[in-house]
Amino acid sequence: MNNTIVAPATPVLKSAISILRLSGLNCIDVANRFLHIENPKPRYAYRTSFYINDKELDDVVAIYYKAPRSYTGEDMLEIFFHGNPIIVEKAIEALVDYGCSFASPGEFTKRAFLNGKMTLDEASSVELLINANTEKAVENALNMLKGRFSSFIEELRKEFIRIIANIEADIEFGYEDIEPLDVNEIKKEINNLICRLEEFYKKLKEQSYLYDGIKIAIVGKPNVGKSSLFNTLLQKRRAIVSDIPGTTRDYIEDRLEINGFPVKLVDTAGIRKTDDPIEKEGINIAIEHMKEAHVVLFMVDGSKELEEEDYFIYDIVKNLNTLVVLNKSDLGINSKTLDFFKDNAIIISIRNQENVEHLKNKVLHMLDLAEDGIYVSKRNKFLVAKALGSLKEAVLQDKTEVMMLYIREALDYLEEILGLITDENVLDEIFSTFCIGK
Ligand SMILES: Nc1nc2c(ncn2[C@@H]2O[C@H](COP(=O)(O)OP(=O)(O)OP(=O)(O)O)[C@@H](O)[C@H]2O)c(=O)[nH]1
Ligand SMILES: [Mg+2]
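Reference entry: report on the structure contained in this document.

Bringing the overall build of the protein into the picture now. For the protein, the count of helices and strands is 16 helices and 14 strands. Taken over C-alpha atoms, the radius of gyration comes to 29 Å for the protein, far larger than the 22 Å a tight globule of 438 residues would show. Along the three orthogonal principal directions, the C-alpha set of the protein runs to about 85 × 80 × 35 Å. Across the 438 residues in the protein, those meeting the buried criterion constitute 36%. Counted over contacts in the protein with a minimum sequence separation of 6, partners at least 24 positions apart contribute 63%.

Attention shifts here to the pairing of strand β12 (residues 322-327). The buried fraction of β12 is high, at five of six residues. The pairing of strand β11 (residues 295-301) with β12 spans six bridges and is classified as parallel. Looking at the pairing, L297 lines up with L323 of β12. Traced from β11 through helix α11 (residues 308-317) to β12, the parallel crossover comes out right-handed.

A separate point is the site of ligand 1. Close contacts around ligand 1 come from 23 residues, with G225, S227, S228, T248 and G270 the closest. It is helix α9 (residues 226-234) that contributes the most residues to the shell around ligand 1, three residues altogether. Considered class by class, the residues forming the shell around ligand 1 number six nonpolar, twelve polar and five charged.

Mapped onto the fold, I190 is located in helix α7 (residues 183-203). Residue classification places I190 among the buried positions, given that 23 C-beta atoms sit within 10 Å. In this structure, the C-alpha to C-alpha distance between I190 and K392, residues 202 residues apart in sequence, is 8.3 Å. Once you skip the residues sitting within four places of it in the chain, I190 turns out to touch L391, A394 and V395.

Our next topic: the pairing of strand β3 (residues 45-52). In the sheet, β3 pairs with strand β4 (residues 55-65) via eight bridges, with the strands oriented antiparallel. Note that in β4 the partner of A45 across the bridge is I63.

Our next topic: the sheet that holds strand β1 (residues 5-8). The six strands are arranged β3-β4-β5-β2-β1-β6 in an open sheet whose pairing can be described as mixed. The open sheet has two edge strands with one neighbour each: β3 and β6 (101-102). In the packing of helix α1 (residues 27-35) onto the sheet, the strands contacted are β2 (15-23), β3, β4 and β5 (76-83), and the crossing angle to β3 comes to about 70°.

Turning next to the packing of helix α14 (residues 378-396) against helix α15 (residues 400-418). Contact geometry of α14 with α15 gives a least axis separation of 8 Å together with a crossing angle of 170°. The angle between the axes of α14 and α15 places the two elements in the roughly antiparallel class. Within the contact between the two elements, α14 uses N380, L383, K386, A387, S390, L391, E393 and A394 and α15 uses M403, Y406, I407, E409, A410, Y413, L414, E416 and I417. Here the contact of α14 with α15 is composed, by residue class, of eleven nonpolar, two polar and four charged.

Cut-offs applied
Along every chain, residues carry numbers that run from 1 in the direction the sequence is written. Chain letters and ligand numbers both follow the written order, the letters beginning at A and the numbers at 1. The model is predicted, so local features are restricted to residues of pLDDT at least 70 and side-chain atom pairs to those at 80 or more, both for listing and for counting; the totals for chains, interfaces and linings are taken over all residues. In this text, helices come from DSSP runs of H or I with a minimum length of four residues, and strands from runs of E with a minimum of two, each type numbered from the N-terminal end. Atoms considered for the radius of gyration are the C-alpha atoms alone. The globule rule reads 2.2 Å times the number of residues to the power 0.38. Exposure criterion: with C-beta atoms placed from backbone coordinates, a residue whose C-beta has 20 or more other C-beta atoms within 10 Å is buried, one with 12 or fewer is exposed, and one in between is partly exposed. By definition, residues are in contact whenever their C-beta atoms, placed on the basis of the backbone, come within 7 Å of each other. Whether two strands pair comes down to DSSP finding at least two bridges between them. Handedness of a crossover is defined as follows: with both strands directed away from the viewer, a clockwise route from the first strand across the helix to the second makes it right-handed. Here, nearness is defined through the C-beta atom: a residue counts as near a molecule or strand if that backbone-placed atom lies within 6 Å of it. Note that Gly is not counted as nonpolar here; it falls among the polar residues with everything else outside the nonpolar set of Ala, Val, Leu, Ile, Met, Phe, Trp, Tyr, Cys and Pro and the charged set of Asp, Glu, Lys and Arg. Axis definition: a line fitted to C-alpha atoms, limited for helices to the stretch in contact. Angles are taken between N-to-C directions and run from 0 to 180 degrees. Our angle categories are set so that under 35 degrees counts as roughly parallel, over 145 as roughly antiparallel, 65 to 115 as roughly perpendicular, and the remainder as oblique.

Printed below as a string of structure tokens:
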């Protein structure tokens, strides 16, 4: 923990500036030896040189941050080199020779977390912020970094602790002349916490949709208009559209954004019985894609009666997260087809560009993303649910001792979110996805 780590904080490419970052006890020694700065003044930009064995490597600017007022909470040094990989690599080599170690991914942020500079959740959002691919994703990560999620959890945590302390005092001093606690009063307080936590839980959405994206597969029998929908959603002529069934034989993938969510859209080969080996392969791939998709758009020609192929595909997709799309409404909608799917279908016409916006909204609804929310990891959402479950158990109890056990359990879940109770494996998992130097 106390060893001094070093890593480039900017990509090692030819560029205007390359920043090298150090954190740990030896920063002052490094400043002294490599930058010829004695007793560096914190947060002061020094114009100096970087020397290896007194030989000048580069002309640099350096800033020293004194613990605990730094990103990691330790002594830190940032050195701004000219952006040439040869220079940066040479400097790192010299620093490692001197005894610094090369930082592992996310080690700076991990140290920041361990030194109490940020909660676990805030630390995880650093990586999200760097990797966000849409404006909405950037905005959310910044909110998380500023504690939008963890400050609420922290607030609740304090209330849990207060209630536990009250109950504990009651149990310990209950026989003396202190007024005994009214169990109903405590239950009222817990119920109030349950309401607040429930409200909050409703706002929590799956973060992976915002950062890893939503995968949507368009499937259906040949000629129903899959590629037409694909092109319409992408707003470009990406796939070939024709009235010859079996036009798309391979799958086609492209990216778009729906309301700030990155989307990977896949157009697939029309599924039908065929002896053509290439087409067969395309159909197998289509089936694989729909099984992997977050949402399947199962398209049928709504102007016609359903055929054997439609039923065959529907059998596969009906157990997936599927939206039935009745296309070609400009040709009229067949009542038998409509009756079969009843309210589970959306009626569109690509030709007339009808209801396409509505289709996008439907997709967001299916993933619970239609209203804005707070996007958190599966783990955090799970922990909030667990805390809620424990509180609900607590309120059912009549003995304050037992009630307290459940409140403590709920408290543990919140502390796990904040990273106050940490499991080394969880930490490793979170920080291993970071980039070096962050
Ligand atoms: N009338 C009408 N025709 C449409 C509509 N959407 C697509 N089509 C036509 O339907 C035919 C097939 O369209 P595609 O998009 O190639 O269909 P596909 O499902 O990708 O077909 P395969 O790739 O063969 O599986 C084309 O002639 C389109 O112009 C629509 O909303 N109304
Ligand atoms: Mg097609």
